[in-house]
Amino acid sequence: MNTTAIKIENLGKEYVLGQKKEGSLRDLLSSFFRSSKREKSSFWALKKVSFEVKKGEVVGIIGKNGAGKSTLLKILSQITKPTEGRIEINGRVASLLEVGTGFHPELTGRENVFLNGTILGMTRKEVKAKFDEIVEFSGVGRFIDTPVKHYSSGMYVRLAFAVAAHLDPEILIIDEVLAVGDAEFQKKCLGKMKDVAQQGRTVLFVSHNMNAVNSLCSSCVYIKDGELEGQGGTGEIISRYLNSTELNTYNTSYDENEMPGDEFVRVTSIDIVNKKLEALKTINIHESFGIKVSYQVIKKGSFNPLVNIHFHTSKGEYAFVTTDNGKEGHVKSKGNYQSTVWVSKNLLNVGFYNIDVAISTLTPVIVHALLPSVLGVEVIEDVNLRDNDYKQEIPGVVRPKLNWETIKI
């Protein structure tokens, strides 16, 4: 019995840059002679990628933007052809790669459901048996007989995901498109993908949400600059990715002539550190960490510059703001300063956070330096370190560990 769902050998995809369609025969001839005189510029989106996915596996595909993840999924979905290499796919594939993929804009939602079922090789009777469940899951029942060109992007992706997940594909391919939906719908989608996986079907899942990948996937494939950088257990590969990815910025420093600030204050460096003031490359929920801001007061004035730090979630929502609690009215003399704020362990929940850093005088209000999203960090967790038996995802932006007391009365 063949247990392989997908087998990829030395897969490569090359794009020729600068190609464009010409309008006339004269243009075509002109383009031909021009191109013959200069070397064509090409770009390899994928290079020598090889890995295998077993039937029933849930595999996360991770990597920064532009790494080649979407190109890989388009090849597997037969949207584009590889330049080189070999692919073996055993099973019916349903994919959701971008809003609108597989839908005809002039057809209604209802008609597109049946069209997609036909593409997947299902009979009308089989699609009809799933139809009510698809519509209920998508939440677009009122508009199911409206042409989908009138749908919002959120409605589009709701129905597209419902179709892909409910029409019994043996292989389900999902790209980061779920980010279009609201938080409640994303939760439903992740739950549905878990259900699909438990039914023994194969899932390929691309996401920048490492918590979702960690909770859903049994293994991971890490793509970097078009090449296979790693494959293995989810926790191991995510840790490797977070330790090397350019998405995370745990420190930044400035040359003397580039230090941000004004005539009074200039920022020299910002670092994420541990209790020994050593630089950190990962943040674990079970450990405290510090944000160290180094700056210079270069001109004495009647002010007291204070550092303030703003934490945002990956969706742009404020998590919290903290400000140096130095005494207002105290005047700082010229010199070098270092302010460090300590974030307690078990405060921030797992997830990605953007951090703004500013240095301001409060009275009168003067913003000396403002650095939006100067740091980007991922808070991760080893669930085995929890002191209880609950190992599932815990919702919320913050996750404080509070004191409880139980008495018998």
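**Describing the nonpolar core**
Phase 1: With 49 residues, the main nonpolar core has I62, L159, F161, L172, M193 and F205 as its most contacted residues.
Phase 2: No other element matches helix 5 (residues 153-166), which puts 10 residues into this core.
Phase 3: Membership of the second largest hydrophobic core comes to 31 residues, among which are F264, I270, V341 and Y353.

**Let's talk about the packing of aromatic side chains**
Phase 1: Counting across every chain of the model gives six aromatic pairs.
Phase 2: When the centroid spacing of 5.7 Å and the interplanar angle of 25° are considered together, the rings of F114 and F131 count as stacked. Separated by 17 residues along the polypeptide, F114 in helix 3 (residues 109-119) and F131 in helix 4 (residues 124-138) bring together distant segments of the chain.
Phase 3: Here the guanidinium or amino end of R124 rests over the ring plane of F114, the centre of that ring lying 4.4 Å away.

**Things to note about the sheet that holds strand 8 (residues 219-224)**
Phase 1: Strand order in the open sheet formed by six strands is 5-6-7-3-8-9, with mixed pairing between adjacent strands. Each edge of the open sheet is held by one strand with a lone partner, namely strand 5 (93-96) and strand 9 (227-233). Ignoring strand direction, the axes of neighbouring strands in this sheet form an average angle of 15°.
Phase 2: Running at roughly 150° to strand 7 (residues 202-206), helix 2 (residues 69-76) makes contact with strand 3 (58-62), strand 6 (171-174), strand 7 and strand 8 of the sheet.
Phase 3: On top of the sheet, helix 5 reaches strand 5 and strand 6; it is set at about 165° to strand 5, its chief contact.

**A few points about the sheet that holds strand 2 (residues 41-54)**
Phase 1: Across the sheet, three strands lie side by side as 2-1-4; this open sheet has antiparallel pairing. Each having just a single partner strand, strand 2 and strand 4 (84-89) make up the two edges of the open sheet. Taken pair by pair, the neighbouring strands of this sheet meet at an average axis angle of 20°, ignoring direction.
Phase 2: Sheet topology places strand 1 (residues 4-17) next to strand 4; five bridges connect them, and they run antiparallel. Each residue of the ladder has a partner; that of G12, found in strand 4, is E84.
Phase 3: Against the sheet, helix 2 contacts strand 1, strand 2 and strand 4, and its axis sits at roughly 115° relative to strand 1.

**Brief notes about empty space enclosed by the protein**
Phase 1: In this structure the tally under the stated criterion is one cavity of 30 Å³ or more.
Phase 2: Taken as a whole, the largest cavity holds about 50 Å³ of empty space.
Phase 3: I283, N284, I285, E287, F289, S344, K345, N346, L347, L348 and V379 together form the lining of the largest cavity.

**What about the environment of T313?**
Phase 1: Counting through the fold element by element, T313 comes out in strand 14 (residues 306-313).
Phase 2: For the pair T313 and I355, spaced 42 residues apart in sequence, the C-alpha separation works out to 8.9 Å.
Phase 3: Residues in contact with T313, not counting those within four places in the same chain, are F352, Y353, N354 and V397.

**Notes on unusual backbone geometry**
Phase 1: The phi torsion at N10 lies on the positive side, around 50°, for a residue other than glycine.
Phase 2: The residue N346 is not glycine, and still its phi comes out positive at about 60°.
Phase 3: Position of N346 relative to the elements: it lies in the loop between strand 16 (335-343) and strand 17 (351-361).
Phase 4: For N346, a relative accessible area of 13% puts it in the buried group.

**What to know about the pairing of strand 7**
Phase 1: With five of five residues buried, strand 7 is to be regarded as a mostly interior element.
Phase 2: Side chains T202, L204 and V206 of strand 7 all project onto a buried face; the interleaved residues V203 and F205 project onto the opposite face, where all are buried too.
Phase 3: With four bridges connecting them, strand 3 and strand 7 associate as parallel partners. Looking across to strand 7, one finds that V59 is bridged to L204.
Phase 4: The pairing of strand 6 with strand 7 spans four bridges and is parallel. In the sheet register, I171 faces strand 7, and the bridge partner there is T202.

**Section: the state of the cysteines**
Phase 1: Taken as a whole, this structure holds zero disulfides when the rule is applied.
Phase 2: The thiol of C217 is not disulfide-bonded; the next cysteine sulfur, from C220, is found 5.5 Å away.
Phase 3: Judged by its relative accessible area of 0%, C220 is buried.

**Describing the environment of T108**
Phase 1: When you line up the elements, T108 lands in the loop between strand 5 and helix 3.
Phase 2: Overall, the relative accessible area of 12% leaves T108 in the buried class.
Phase 3: For the pair formed by T108 and H150, sequence separation is 42 residues and the distance between their alpha carbons is 9.4 Å.
Phase 4: For T108, the residues in contact, after removing those within four places along its chain, are I144, D145, T146, P147 and V148.

**Re the pattern of salt bridges**
Phase 1: Within this structure, the stated rule accounts for 12 salt bridges.
Phase 2: Close ionic contact of K48 with E84 constitutes a salt bridge, the shortest N to O distance being 3.8 Å. Of the two residues, K48 sits in strand 2 while E84 sits in strand 4, which places them 36 residues apart along the sequence.
Phase 3: Take E84: its relative accessible area is 29%, and that puts it in the partly exposed class.
Phase 4: In this structure, K299 and E263 form a salt bridge, with 3.1 Å as the shortest nitrogen-oxygen distance. Note that K299 is positioned in the loop between strand 13 (289-297) and strand 14 and E263 in the loop between strand 10 (251-253) and strand 11 (265-273), a separation of 36 residues in sequence.
Phase 5: Take E263: its relative accessible area is 47%, and that puts it in the partly exposed class.

Reading the values: the criteria
- Residues numbered from 1 in each chain as written.
- Predicted model: local features only at pLDDT ≥ 70, side-chain atom pairs only at ≥ 80, totals over all residues.
- Heavy atoms only, no water.
- Core = buried A, V, L, I, M, F, W, Y, C linked by side-chain atoms within 4.5 Å.
- Buried < 20%, exposed > 50% of the residue type's maximum accessible area, 1.4 Å probe, protein only.
- Helix = DSSP H or I, 4+ residues; strand = E, 2+ residues; numbered from the N terminus.
- Phe/Tyr/Trp six-rings, centres within 6.5 Å; stacked < 30°, edge-to-face > 60°.
- Lys NZ or Arg CZ within 6 Å of the ring centre and 35° of its normal.
- Pairing = 2+ DSSP bridges.
- Axes fitted to C-alpha atoms, helices over the stretch in contact; angles between N-to-C directions.
- Contact = heavy atoms within 4.5 Å.
- 1 Å grid on protein atoms, 1.4 Å probe; cavity = no way out; pocket = protein on both sides within 12 Å on 5 of 7 lines; lining within 4 Å.
- Points joined across faces, edges and corners; volume = space filled by probe spheres on them.
- Disulfide = S-S within 2.5 Å.
- Salt bridge = Lys/Arg side-chain N within 4 Å of Asp/Glu carboxyl O.

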